[in-house]
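# Secondary and tertiary structure notes
Each chain, written out:
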Amino acid sequence: EPEVTQTPSHQVTQMGQEVILRCVPISNHLYFYWYRQILGQKVEFLVSFYNNEISEKSEIFDDQFSVERPDGSNFTLKIRSTKLEDSAMYFCASSVTSDGGELFFGEGSRLTVL
Amino acid sequence: AQSVSQHNHHVILSEAASLELGCNYSYGGTVNLFWYVQYPGQHLQLLLKYFSGDPLVKGIKGFEAEFIKSKFSFNLRKPSVQWSDTAEYFCAVASYTGFQKLVFGTGTRLLVSP
């Protein structure tokens, strides 16, 4: 069964460092997303991406964050200068359509900022 | 703004007991409703969804949910749980026009004892 894969599964970084989280969506999917879950809190929407541009983003997704689809398979989330409060589990998801299709989630990348 | 409340944070049941997990949402317009499940160490998976039509929806693994518009509720049910249902369950809502942006509840951890 096709699945969304994420790397790394866990990353520890120092505050102020840049971090790139990688995702390989399901190959025929066109819409891509990042969500995050701070420990003990809700899963929160960060950004959606379609046709090589951001289609929607939340207020959390400030200038420190960026997304990119550098090639035909990867979808990355970059945090330019990490803060302690960026520590969370980051989930990538993809879908075939935007009008009600299922979102398929990856297993998540746990980011710990020290 | 949309919000989702899940009233039960932790539920412990014995095998064969019946399950009902509460979910209430706050949104004035037409919504799409979802239940996702996360088994230990795995990714979020879609259990079931409601977009329109019959308010009683059936999902995988014997789960069902009923959309009651007047109560803004979408409770998840299963008549007889199994040990393998031990997982965390998330209710989520998306507006009809912005389904990409799921708003999640805090989740309910279900432990089923054999």
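A quick note: this is a predicted structure, and the numbers were derived from the prediction, not measured.

Definitions and cut-offs
Residues numbered from 1 in each chain as written. Chains lettered and ligands numbered in written order. Predicted model: local features only at pLDDT ≥ 70, side-chain atom pairs only at ≥ 80, totals over all residues. Heavy atoms only, no water. Contact = heavy atoms within 4.5 Å. Buried area = accessible area lost by both parts, 1.4 Å probe. Salt bridge = Lys/Arg side-chain N within 4 Å of Asp/Glu carboxyl O. Polar contact = N/O pair within 3.5 Å; in protein donor to acceptor, adjacent residues only side chain to side chain. Helix = DSSP H or I, 4+ residues; strand = E, 2+ residues; numbered from the N terminus. Buried < 20%, exposed > 50% of the residue type's maximum accessible area, 1.4 Å probe, protein only. Pairing = 2+ DSSP bridges. Disulfide = S-S within 2.5 Å. Axes fitted to C-alpha atoms, helices over the stretch in contact; angles between N-to-C directions.

## Regarding the interface of chain B and chain A
- Each side of the interface is counted separately: chain B has 18 residues, and chain A has 22 residues.
- Of the roughly 1800 Å² buried between chain B and chain A, counting both surfaces, carbon and sulfur atoms make up 58%.
- The interface formed by chain B and chain A includes zero salt bridges.
- Linking chain B to chain A there are three residue pairs in polar contact (both at pLDDT 80 or more).
- When contributions to the side of chain B that touches chain A are tallied by element, the ones reaching two or more residues are strand 5 (31–38) and strand 6 (44–50) of chain B.

## Examining the pairing of strand 4 (residues 31–37) of chain A
Residues and elements named next belong to chain A.
- The buried fraction of strand 4 amounts to seven of the seven residues, a majority that puts the element mostly inside the structure.
- Side chains of strand 4 alternate between two faces, with Tyr-31, Tyr-33, Tyr-35 and Gln-37 and Phe-32, Trp-34 and Arg-36 buried alike.
- Relative to strand 5 (residues 43–50), strand 4 is paired through seven bridges, and the arrangement is antiparallel. Paired with Tyr-31 across the strands is Tyr-50, a residue of strand 5.
- Between strand 4 and strand 5, which pair antiparallel one after the other, the connecting turn spans five residues, and Gly-40 there sits at a positive phi close to 85°.
- With seven bridges connecting them, strand 4 and strand 9 (residues 88–95) associate as antiparallel partners. Paired with Arg-36 across the bridge in strand 9 is Tyr-90.

## Looking at unusual backbone geometry
- A cis amide bond, omega -10°, links Thr7(A) with the succeeding residue Pro8(A).
- Along the chain, the position of Pro8(A) falls in the loop between strand 1 (5–7) and strand 2 (10–13).
- Positive phi values are uncommon outside glycine, yet Phe72(B) reaches one of about 50°.
- Accessibility expressed as a relative area gives 39% for Phe72(B), which makes it partly exposed.

## Section: the pattern of salt bridges
All names here are of chain B.
- Scanning the entire structure with this criterion turns up six salt bridges over all chains.
- Arg-77 is paired through a salt bridge with Glu-66; the nearest N and O atoms lie 3.2 Å apart. With Arg-77 in strand 9 (residues 73–78) and Glu-66 in strand 8 (residues 64–68), this residue pair connects regions lying 11 residues apart in the sequence.
- By relative accessible area, Glu-66 is classed as partly exposed at 28%.
- One network of salt bridges, in which partners are shared, links Lys-58, Glu-64, Glu-66 and Arg-77.

## Things to note about the state of the cysteines
Residue and element names in this part refer to chain A.
- Inspection of every chain in the model, using the stated rule, returns two disulfides over all chains.
- In this model Cys-23 forms its disulfide with Cys-92; the gap between the sulfur atoms is 1.9 Å. One quick way to see it: the torsion about the S-S bond of Cys-23 and Cys-92 is about -65°, and its sign makes the bridge left-handed. In this pair, Cys-23 is assigned in strand 3 (residues 19–24) and Cys-92 in strand 9, connecting sequence segments 69 residues apart. Residues Cys-23 and Cys-92 agree in their burial class; the two are buried.

## A closer look at the sheet that holds strand 8 (residues 75–79) of chain A
Residues and elements named next belong to chain A.
- With antiparallel pairing, the four strands of this open sheet are ordered in space as 1-3-8-7. Unpaired on one side and paired on the other, strand 1 and strand 7 (65–68) mark the two borders of the sheet. Each neighbouring strand pair of the sheet contributes to a mean axis angle of 20°, computed without reference to strand direction.
- Here strand 1 runs beside strand 3; their pairing, made up of three bridges, is antiparallel. Counted as the bridge partner of Thr-5 is Val-24 from strand 3.

## Let's talk about the pairing of strand 8 of chain A
Residues and elements named next belong to chain A.
- Most of strand 8 is tucked away: four of the five residues are buried.
- In this structure, strand 7 lies alongside strand 8, joined through four bridges in antiparallel fashion. Following the sheet pairing, Ser-66 is matched in strand 8 by Lys-78.

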